[in-house]
Amino acid sequence: MYRRHSETVILILAMVGAFLLMWILNGTHFVQIDNFQSMAFQLPELGLLSLAMMVTMLTGGINLSIIASANLSGIITAMILTYYMNPEAGGGVSWGVIVLAICAGLLVSALIGLLNGFLVATVDISPILATLGTMILVNGLAIVLTKGYVISGLPDPVRFVGNGLVLGIPMPMIVFIACAALMALILNRTPTGVNIHMLGSNPTACFFAGVNNPAVLIKTYLLSGVYAGIAAIVMISRFNSAKADYGESYLLMTVLASVLGGTSASGGFGRVSGLVIALIILQMVSSGLNLIGVSNFLTIAIWGMIIILVMVVNYLTDQYQRRRQTT
Amino acid sequence: MKKLLARHETYVLLAIILFSAIITSVNPSFLTLENLFDLLRSYSMMGIFAVGVLIVLISGGIDISFTAVATVAAYAMTVISINYGGNMLTAFLIASVIGIALGLINAVVIYFFNIPSIITTIATLNVYYGLLTVVSGGKWIYALPDWFRSFSDIKVFTLSSGEGVGYGLSLVTVIWFVIVALAWVLLRYTLLGRGLYAMGGNVASARRAGFNLFFLHVFVYCFMGLMAGIGGVVQVLLVQTMAPNSMVGKELDVIAAVVLGGASLAGGTGTLFGTLLGVALIAILSNGLTLMRVPSFWYNVFIGLVIIVSVGFSAYRRKSKERRAIAVEVE
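Residues numbered from 1 in each chain as written. Chains lettered and ligands numbered in written order. Predicted model: local features only at pLDDT ≥ 70, side-chain atom pairs only at ≥ 80, totals over all residues.

Visitor: Mind laying out the overall build of chain A, listing which residues take part and the relevant values?
Guide: Counting secondary structure elements, chain A contains 13 helices and four strands. Rg of the C-alpha trace for chain A: 20 Å, near the compact-globule value of 20 Å for 327 residues, within the 12% margin. Summarising its shape, the C-alpha atoms of chain A cover approximately 75 × 55 × 30 Å along the three principal directions. By residue count, 51% of the 327 residues in chain A fall in the buried class. Restricting to contacts in chain A with at least 6 residues of sequence separation, those with at least 24 account for 78%. (Helix = DSSP H or I, 4+ residues; strand = E, 2+ residues; numbered from the N terminus. Rg over C-alpha atoms; globule rule 2.2 N^0.38 Å. Buried ≥ 20, exposed ≤ 12 C-beta atoms within 10 Å, placed from the backbone. Contact = placed C-beta atoms within 7 Å.)

Visitor: Lay out the overall build of chain B with the relevant residues and their values.
Guide: When helices and strands are tallied, chain B shows 15 helices and two strands. Considering only C-alpha atoms, chain B reaches an extent of 70 × 55 × 35 Å along its principal axes. When the 331 residues of chain B are sorted by exposure, 44% land in the buried category. Taking the contacts inside chain B whose residues are at least 6 apart along the sequence as the reference set, 75% of them involve residues at least 24 apart.

Visitor: Describe the packing of helix α11 (residues 250–260) of chain A against helix α7 (residues 117–136) of chain B, naming the residues involved and giving the relevant values.
Guide: Relative to each other, α11 of chain A and α7 of chain B sit at 120°, their axes nearing to 10 Å. Taken together, the axes of α11 of chain A and α7 of chain B are oblique relative to one another. The two elements α11 of chain A and α7 of chain B cross, and the hand of that crossing is left-handed. Between α11 of chain A and α7 of chain B, the contacting residues are Leu-252, Val-255, Leu-256 and Val-259 of chain A on the first element and Ile-119, Ile-122, Ala-123 and Leu-125 of chain B on the second. Class assignment for the residues of the contact of α11 of chain A with α7 of chain B results in eight nonpolar, no polar and no charged. (Axes fitted to C-alpha atoms, helices over the stretch in contact; angles between N-to-C directions. Parallel < 35°, antiparallel > 145°, perpendicular 65-115°, else oblique. Left-handed = near helix turned anticlockwise from the far one by under 90°. Nonpolar A, V, L, I, M, F, W, Y, C, P; charged D, E, K, R; others polar.)

Visitor: Give me the nonpolar core: which residues, what numbers.
Guide: Residues Ala-231 and Leu-256 of chain A are the most contacted members of the largest nonpolar core, which totals 208 residues. Those residues in contact with Leu-256 of chain A that sit more than four places away from it in its chain are Trp-303 and Ile-307 of chain A together with Ile-122 and Ala-123 of chain B. (Core = buried A, V, L, I, M, F, W, Y, C linked by C-beta atoms within 7 Å.)

Visitor: How would you summarise the confidence of the model for chain A if you had to cite specific residues and measurements?
Guide: When pLDDT is averaged along chain A, the result is 82, and 95% of the positions lie at 70 or above. Within chain A, helix α10 (residues 213–239) of chain A carries the highest mean pLDDT (88), whereas helix α6 (residues 156–163) of chain A carries the lowest (73). (pLDDT = per-residue confidence, 0-100.)

Visitor: Residue-level account of the environment of Glu-45 of chain A, with values.
Guide: Residue and element names in this part refer to chain A. Within the fold, Glu-45 resides in helix α2 (residues 33–58). Spatially, the C-alpha atoms of Glu-45 and Tyr-250 are 9.0 Å apart, while their sequence positions differ by 205 residues. Not counting chain neighbours up to four residues away, the residues in contact with Glu-45 comprise Ala-231, Val-234, Met-235 and Arg-238.

Visitor: Can you lay out the packing of α2 of chain A against α11 of chain A for me, pointing to particular residues and giving the numbers?
Guide: All names here are of chain A. Close contact between α2 and α11 brings their axes to 8 Å; oriented N to C, the two are set at 65°. Taken together, the axes of α2 and α11 are roughly perpendicular relative to one another. Between α2 and α11 the crossing geometry is right-handed. Counting all contacts with α2, which are made through Leu-46, Leu-49, Ser-50, Met-53, Met-54 and Met-57, the residues of α11 involved are Tyr-250, Met-253, Thr-254, Val-255, Ala-257 and Ser-258.

Visitor: How would you explain unusual backbone geometry if you had to name every residue and give the values?
Guide: One non-glycine residue, Asp-124 of chain A, adopts positive backbone phi at about 70°. With 16 C-beta atoms packed within 10 Å, Asp-124 of chain A lands in the partly exposed category.

Visitor: Talk me through the environment of Gly-138 of chain B; I want residue IDs and the actual numbers.
Guide: Residue and element names in this part refer to chain B. On the secondary structure map, Gly-138 appears in the loop between α7 and α8 (146–151). Along the sequence, Gly-138 and Ala-243 sit 105 residues apart, while their C-alpha atoms lie 7.8 Å from each other. Excluding anything up to four places from it in sequence, Gly-138 contacts Thr-133, Pro-244 and Asn-245.

Visitor: I'd love a proper account of the interface of chain B and chain A, names of residues and values included.
Guide: With 38 residues of chain B at the interface, the matching set in chain A holds 40 residues. Those elements that place two or more of their residues in the side of chain B that touches chain A are α6 (88–113), α7, α13 (251–260) and α15 (299–330) of chain B. Here the residues of the side of chain B that touches chain A sort into 27 nonpolar, 10 polar and one charged.

Visitor: Before we move on, could you go through α7 of chain B and cite the residues and values that matter?
Guide: All names here are of chain B. In this model, α7 (20 residues) spans 27 Å end to end at C-alpha, consistent with the 28 Å of a helix rising 1.5 Å per residue. Of all 20 residues in α7, 17 are buried; the element is thus mostly enclosed. Gly-137, located one to two residues past α7, shows a positive phi value of around 70°. (Expected span 1.5 Å × (residues − 1).)

Visitor: Residue-level account of the confidence of the model for chain B, with values.
Guide: Taken as a whole, chain B shows an average pLDDT of 84; of its residues, 93% reach a score of 70 or greater. Our summary of model confidence lists the complex with pTM equal to 0.85 and ipTM equal to 0.80.

Visitor: Pulling in residues and values, what's your account of the environment of Val-99 of chain A?
Guide: Position of Val-99 of chain A relative to the elements: it lies in helix α4 (residues 95–122). Residues Val-99 of chain A and Ser-241 of chain A, 142 residues apart in the sequence, show an inter-C-alpha distance of 17 Å.

In structure tokens form, the structure reads like this:
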């Protein structure tokens, strides 16, 4: 308990540090409403995908197929939307079609989640392999469906999800806050959430405690798939298009964001609040460096260094506390 | 026979024979020496990476960063060779030294700060690749030295096909096979190699048995770095271009090939023969799809299916074996 507490303190310190550093580097540019708004537009994509990654990491697994599922379900949604109403063709907006398209997209990602859950829980394949397989398969299906082209031209109401403002707050941020809150609720307040944590820290003990391990795993990967589907809606509406290889660089980033947020790579520990702080740190660093005109790639390198640094600091404080306890 | 059926490699080999038969029946030009040599040449980068990945997996770790290490090593090799001259030996030497150095960083972080290898290497992948792209500006280099260009065309022996075009076993393939042979001796006959299996099987037991775990970690990740360096140079030899973005993103494909060959992500198991078969399976599959004139966008669907079916099958065999073991215990 003490340890987790100190990890949160380190994270919050890192967040304040990142904020102050970027403020000093950028001057008043950094603390303007515009900048906060643009950060709030950018954060949710990686945020939603990281939630999808984190829930599987809590069980000691990993889900490499989230980006591929997000792209496939985005493509399905975009195909239905552009087939039935094309803004250029001047067709009217039909809410029925929009709901149908979004539901179809979510259904696809839920099915991929179920497939992952089946492979991990029932067939007993290690998660990294099972989801690597589905990642390649699903990506392949997305390429087959689109033949590698971009599907673009979405109706206005859908684009609003990615680009609209409600009371000055970007719409994607509202979606992200709702989803993060829901995830926190599921993980901390429901039996499934408790089981996910237990399964992650010790599957054998969890099994002997009378938990149906396979069922918990299937639910976990289903949840992960659905979150990837929600990320898909935000992604296609922000880009106003769908493609088989959008956001591939996000995949490993979601692992890093989860770990930076305190999720243990071996499972069992991790909080949504930590992940949210981690995402804010990463977003502030990337927006701040972008404002000074630093290359995107340097930002990615700095993200990598921050993660190693935070893990090293966590390890050292852990060692220090242990030594004090023994003496 | 029973012993043979208990081995994972047998099933991979059967799958390879099956696919080869199907492909040959559709397009006979698959089963020619020319195509074989061509495959052996073009998959030598993946094959060399796979040897490194196998050793990391055996030791119970994982390395995602090797494509970035390879890119950095190959880029440095190209720039130094163009500006200061040199020969093939210095080219491989530069890439190897850089690969080993970057591998050492991975090893030190993983061992001293107890950070899981997957997290460390994902982070260092981004650090190495990000910094390289900033330094290089992401520019492709085409103007390679002549001695470098001609090296990739050297063949150990040459046969000539009907149209008078020569083909043969490329020297690049020989490099790959020499590495495989050395790694085989290392894993099978040296204390170091057995130590890797011991560490992958059970870290605590390996420590009690007297293995120096720090040294083993350093060896594993430096070896991976060395393979990445050599593989990077081989890639530049094959495509005759130094493209900074050509390798990063392929790391999961290589890991998939190694795992298809029977290595376990939990560590402690895996053979070089299996790894060769895993690479061969992937190579034959994508080459075969081309020869059967399947549109290229179907590739990933097939490869994904093969991976899922194959790992599913071996998981199923392991599970039924466990069930049998438990049944014996009860009786």
